[in-house]
Amino acid sequence: MGNIRKKYVRCIHCGATNTAFDEYCKRCSLKIKTDYSFIYTSLAFLITAVIFYFPANIYPILQTNKFFLTYTSTIIGGIFELWKSGDYPIAIIVFLASVLIPFLKFVILFYLIISVKSCKNIKLKRKLYKFIEISGPWSLLDVFVVFVMASIIHFQYISIIPQKAVLYFLLMVIFTILSAMSFDERMIGANCE
Amino acid sequence: MTKNIIVCPHCESPNIKRALNPNEVAVCAKCGKVLYKYESNIELKIFSLVLSGVIFFIIAMFFPIIKINIIGYEDSFRIFNAILFLFNKGYIIISLFVLFSVFLFPFICAVAYFMSSFLLLVKFNKSFVKKLLILITIMKDWCFLDIFFIAILVSLIKMFSYADIIFDIGFIAYILFLSIMFYIVKIIGVHSLWEIYEKNM
């Protein structure tokens, strides 16, 4: 099975089976990447995402104007407010989607990038990649919530205005998705067995 | 030779491919996960579902999702108007991102599904079908309608305490379009159309 495995490569775009010598997929004609060159691209996107993570959490994400009162809140501050007001499920969802999962994704992606050539924990690494692939875009939830709130509540005496952290958060999520997309999952344990 | 081999997307092991009987499922010999299922008339299913899906999509984007009343102020939330509103307010990157990921890409994907399933049904213009399938393959990862829907729900829960909210026709159309696309993209998958395309080649 070891020899036959090296002979065939799955196209990540259309799922077709190609031989290991094919540079382009026979079915969809898109490029089949089967070397480790993706590591640098994936790492570059990941570092960019980490850079955007800090301003996304430090700067305020939205400004609320209520009659003559104006206050701004960060992501963490917003979660505390939700928790204090008793909206525990939403506070947990926002905490998971906006704080914990992005941070976990950085750690997991970094681990996957540096250990892709290693033959240890192959099954675990494949499961971790699936987790990254599925959970990745869900961090956009916060950006979309701000978008919806700001577009609904824009009256004279009560309004919600997005602040610059939304942009940083959006860029962080986009670069994390790009990092995960450029990571070639087929190369996990490709030289093992 | 490679047409008779399928590489497992879960463990990358090669398996011999064979035709299935009704209700049969092919599993990977190594990891035991599902490789493919018996399915019939996929292109017809996709064609008829997407046809209604496109109508629901237009209603969801241009008709009100909700009507809201906050301390006497009344307004409605329409997705396309919301994108235009925030674009005009200067939030260009965010509004463009929503425009592409919630409006343009899902719409293009739906139309490409519609056209490719129709062309596969009538077995016509293979090179154009291939272009459409490549378009779907690339764009499907950048459609975030499901996350946007959850974002609408989260926003509504946040506003429930101080606003009167009435669900409108756009909300129902959104749910219907989302359900159709979930079935086509996640349950059937673009790989099924690629398989039919290969068989017709």
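Residues numbered from 1 in each chain as written. Chains lettered and ligands numbered in written order. Predicted model: local features only at pLDDT ≥ 70, side-chain atom pairs only at ≥ 80, totals over all residues. Heavy atoms only, no water.

Quick look at unusual backbone geometry
Stated formally: The numbering of helices and of strands both runs from the N terminus, where a helix is a DSSP run of H or I of at least 4 residues and a strand a run of E of at least 2. The rule is simple: take the accessible area with a 1.4 Å probe, protein chains only, and divide by the maximum for that residue type; under 20% is buried, over 50% is exposed, in between is partly exposed.
Phi at Phe67 of chain A is positive, roughly 55 degrees, even though this residue is not glycine. Within the element layout of this structure, Phe67 of chain A appears in the loop between β3 (62-66) and β4 (69-73). Phi is positive for Glu12 of chain B, close to 65 degrees, though the residue is something other than glycine. Along the chain, Glu12 of chain B turns up in the loop between β1 (5-7) and β2 (14-16). Residue classification places Glu12 of chain B among the buried positions, given a relative accessible area of 6%.

Examining a nonpolar patch on the surface
Residues and elements named next belong to chain A. Where we set the bar: Nonpolar side chains (Val, Leu, Ile, Met, Phe, Trp, Tyr) are joined into patches within 5 Å and like charges within 9 Å, using only residues with over 30% relative accessible area and no salt bridge. Each accessible area is a Shrake-Rupley result for a 1.4 Å probe, and residues are judged covered by the shown protein chains and nothing else. Here a salt bridge means any side-chain nitrogen of Lys or Arg lying within 4 Å of a carboxyl oxygen belonging to Asp or Glu.
There is a patch of nonpolar side chains on the surface, built from Trp83, Tyr88, Ile92, Phe95, Leu96, Leu100, Leu104 and Phe131 and spanning about 680 Å² of accessible area. Sort the elements by how many residues they give to the nonpolar patch and helix α4 (residues 88-115) lands first, with six residues. Along the chain, Phe95 turns up in helix α4.

A short note on the interface of chain A and chain B
Where we set the bar: Any two residues whose heavy atoms approach within 4.5 Å are treated as being in contact. When two components associate, each loses some accessible surface as probed by a 1.4 Å sphere; the sum of these losses over both components is called the buried area.
Listed as interface residues are 53 residues of chain A and, on the opposing side, 56 residues of chain B. Buried surface at the junction of chain A and chain B, both sides included, amounts to about 5,200 Å², of which 77% is carbon and sulfur. One can count three salt bridges joining chain A with chain B. Across the salt bridge formed by Glu198 of chain B and Arg27 of chain A, the nearest N and O atoms sit 3.0 Å from each other. When residues of the side of chain A that touches chain B are traced back to their parent elements, those giving at least two are α1 (2-7), β1 (8-10), β2 (17-19), α5 (122-135), α6 (141-152), β5 (158-162) and α7 (164-182) of chain A. No other element matches the 10 residues that α6 of chain A contributes to the side of chain A that touches chain B.

Quick notes on the pattern of salt bridges
Applying the stated criterion to the full structure yields 11 salt bridges over all chains. In this structure, Asp22 of chain A and Lys26 of chain A form a salt bridge, with 3.5 Å as the shortest nitrogen-oxygen distance. Taking relative accessible area as the criterion, Asp22 of chain A reaches 19% and is therefore assigned buried. Between Glu185 of chain A and Lys130 of chain A there is a salt bridge, and its shortest N-O distance comes to 3.4 Å. With Glu185 of chain A in the segment after α7 and Lys130 of chain A in helix α5, this residue pair connects regions lying 55 residues apart in the sequence. One network of salt bridges, with partners in common, ties together Arg10, Lys130, Glu133 and Glu185 of chain A together with Glu12 of chain B.

Here's the deal with the environment of His154 of chain A
Looking at the element boundaries, His154 of chain A is found in the loop between α6 and β5. You can call His154 of chain A partly exposed: its relative accessible area is 29%. The residues touching His154 of chain A, leaving out its near neighbours within four places in the chain, are Ser159 of chain A together with Asp75 and Phe85 of chain B.

With respect to the packing of aromatic side chains
Put simply, the rule is: Pairing of aromatic rings covers Phe, Tyr and the six-membered ring of Trp, with a centre-to-centre limit of 6.5 Å; geometry is then stacked below 30 degrees between planes, edge-to-face above 60, and tilted otherwise.
Counting across every chain of the model gives 27 aromatic pairs over all chains. Measuring from centroid to centroid gives 5.9 Å for Phe52 of chain A and Phe175 of chain A, while their planes differ by 20 degrees, and the two rings are stacked. In this pair, Phe52 of chain A is assigned in helix α2 (residues 38-58) and Phe175 of chain A in helix α7, connecting sequence segments 123 residues apart. Residue classification places Phe52 of chain A among the buried positions, given a relative accessible area of 18%. Centroid distance Phe62 of chain B to Phe80 of chain B: 5.0 Å. Interplanar angle 45 degrees. Geometry classified as tilted.

Looking at the domain arrangement of chain A
Residue and element names in this part refer to chain A. Note the threshold: For the domain bounds, the source is a domain assignment made automatically or taken from a database. Any pair of nitrogen or oxygen atoms within 3.5 Å is treated as a polar contact; in protein, a donor-acceptor pairing is required on top of that, and neighbouring residues in sequence qualify only through side-chain atoms on both sides.
When its domains are assigned, chain A resolves into domain 1 (1-32) and domain 2 (35-187). Relative placement of domain 1 and domain 2: their C-alpha centres are 33 Å apart. Residue-level contacts link six residues of domain 1 with four residues of domain 2. A combined buried area of about 370 Å² lies between domain 1 and domain 2, and 39% of that area is made up of carbon and sulfur atoms. Taken together, the links from domain 1 to domain 2 amount to one salt bridge. For the salt bridge of Arg10 with Glu185, the shortest nitrogen-to-oxygen distance reads 3.8 Å. On inspection of domain 1 and its partner domain 2, the count reaches one residue pair in polar contact (both at pLDDT 80 or more).

What to know about the side chain of Thr137 of chain B
Its location among the elements puts Thr137 of chain B in helix α4 (residues 126-139). Here Leu133 of chain B takes part through its backbone oxygen, which lies 2.6 Å from a polar atom of the side chain of Thr137 of chain B. Setting aside its immediate chain neighbours within four residues, Thr137 of chain B contacts His13 of chain A together with Val190 and Trp194 of chain B.

Section: the sheet that holds β5 of chain A
All names here are of chain A. Put simply, the rule reads: For two strands to count as paired, DSSP must find a minimum of two bridges between them. Here an angle of 0 to 180 degrees is reported between the N-to-C directions of two axes, which are lines fitted to C-alpha atoms, with helices fitted over the stretch in contact.
As summarised here, the arrangement of the three strands in space is β4-β3-β5, forming an open sheet in which the pairing is antiparallel. Of all strands in the sheet, those bounded by a partner on one side alone are β4 and β5. This sheet shows a mean twist of 15 degrees between the axes of neighbouring strands, independent of strand direction. Relative to β4, β3 runs antiparallel, the two sharing five bridges. Counted as the bridge partner of Asn65 is Thr70 from β4.

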